[in-house]
Structure formats: structure tokens, C-alpha cells
Amino acid sequence: MKIAVLGAQGSGKTQLAHELTQHFFDPLAGEDAANVVIADAPPLMAAIYVDLAHDDPKRCEAALAEHKTYDLTLVTGLDIPCRGGQHRHSESISREAVDARLRVMLTRGHVDYAVIYGQGLARLQTALKAISSWRGDRNEPIAVGANLRPWSCEKCSDPECEHRLFTGLLKPGKR
């Protein structure tokens, strides 16, 4: 299984790739680590930065074609604050522009991806759920953060449902 971890500068992609690597190469995790490859910011990310900085979409198209060799693409969300100055691209190109361009490229290229949000252990848990879902083991529990309480939608019992996200917006006085 080849997993690509993509995201704008300062979005936690390297940290997530490191945590996923630790998880899959931990003998207690029960995973077959020999069959797992995790790529932190594969060539598509560099192509997107070049395209944004120099208006070079051809490089993106070639990198996107190469990217299709990955089985699963995880995109880190922008919910982690970026610490300024520690990323080489941060001064000239905004994280939001990179994130938007990345999602447009993946969508245009018909590449399915999961956006990963959360802080610390919750972020890893979200990534592992996306991997588990991709592999088809929806009912298999993930042994990370055992104290986390699972949530199911009261309308459809789907824990991935967005109903909970939007319910708060519909309540009077919540604007």
C-alpha cells in the first residue's frame, strides 16, 4: 500500500507521515510494514509550488500523472497554525493558495483523497480511519487513543456523516 501525505507548508504533513510510519512499523500494531510505503510530500507538492511561483502548469500535469501510482492520498487540513519563518515557501506563497491548488489538481486528475484534520493523537486517529476505510475494514477498531469515544450520526448511524458539523449552524442564535 502506497500512501501519499500532501499539504501546504506548516500543515503537519511531515509530522503525520512520521506518526503513520511509527504506527505501521510498530510490531504491536499488527500491520504488515513490508507492504506499506508512506511518502511525505511527493513530487506533486514541489510541482504545485513551482506552478504557483512561476505559472508552470505542465510540471503539475506530469507530477499528477506520476502521483496516480499511489493507492491513497491524505491531504492535511489547515487547522494547525503555521509557525512563520520555518518553511522555505511560506514567505512568497500562502498556505491557502497551496491548499486550494492542491485540491484543484487532485480533483481535476480524478484522484480520490481524504482531508485529515485534528490535533495530536486525534489527527493520527483520523488518518488511520481514512486508511482503514480505504482498505474496506470499516468495522475494524483502531488501537490508537483508546479513550476516544466513537460518534455516530443520529440520522444515519454513519460516523463520517457531516450532519453533526452542520447541525450547530441551524440552531437559532448560532450565527
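The structure displayed is predicted, hence computed values, not measured ones.

A. Seen up close, the sheet that holds strand β4 (residues 114–116). Read across the sheet, four strands follow the order β2-β1-β3-β4 without closing on themselves; strand pairing throughout is parallel. Each of the sheet's edge strands pairs with one partner strand only, and the pair in question is β2 (37–40) and β4. Across this sheet, the average inter-strand angle for adjacent strands is 25°, counted without regard to direction. As judged from the four bridges shared by strand β1 (residues 2–6) and β2, these two strands associate in the parallel manner. Each bridged residue has a counterpart across the sheet, and for I3 the counterpart in β2 is I38.

B. Examining the packing of helix α2 (residues 43–54) against helix α3 (residues 57–67) more closely. Relative to each other, α2 and α3 sit at 165°, their axes nearing to 8 Å. With respect to each other, α2 and α3 are oriented roughly antiparallel. As α2 runs across α3, the sense of the crossing is left-handed. For the pair formed by α2 and α3, the contact residues are P43, L44, A47, I48, V50 and D51 on the first element and P57, R59, C60, A63, L64, E66 and H67 on the second. Its residues assigned to classes, the contact of α2 with α3 shows nine nonpolar, one polar and three charged.

C. Highlighting unusual backbone geometry. With phi around 55°, A41 is a residue other than glycine that occupies positive phi space. Its place among the elements puts A41 in the loop between β2 and α2. What makes A41 partly exposed here is its relative accessible area of 31%. Positive phi, close to 60°, is recorded for H110, a residue that is not glycine. Among the residues examined, H110 registers a relative accessible area of 72% and is labelled exposed.

D. Highlighting the pairing of strand β3 (residues 72–76). The buried count for β3 comes to five of five residues, which makes it a mostly enclosed element. Of the two faces of β3, both are covered, the one formed by L72, L74 and T76 as well as the one formed by T73 and V75. As paired elements, β1 and β3 share four bridges and run parallel to each other. Within β3, the position partnered with A4 by the bridge is T73.

Reading the values: the criteria
Residues numbered from 1 in each chain as written. Predicted model: local features only at pLDDT ≥ 70, side-chain atom pairs only at ≥ 80, totals over all residues. Heavy atoms only, no water. Pairing = 2+ DSSP bridges. Helix = DSSP H or I, 4+ residues; strand = E, 2+ residues; numbered from the N terminus. Axes fitted to C-alpha atoms, helices over the stretch in contact; angles between N-to-C directions. Parallel < 35°, antiparallel > 145°, perpendicular 65-115°, else oblique. Left-handed = near helix turned anticlockwise from the far one by under 90°. Contact = heavy atoms within 4.5 Å. Nonpolar A, V, L, I, M, F, W, Y, C, P; charged D, E, K, R; others polar. Buried < 20%, exposed > 50% of the residue type's maximum accessible area, 1.4 Å probe, protein only.

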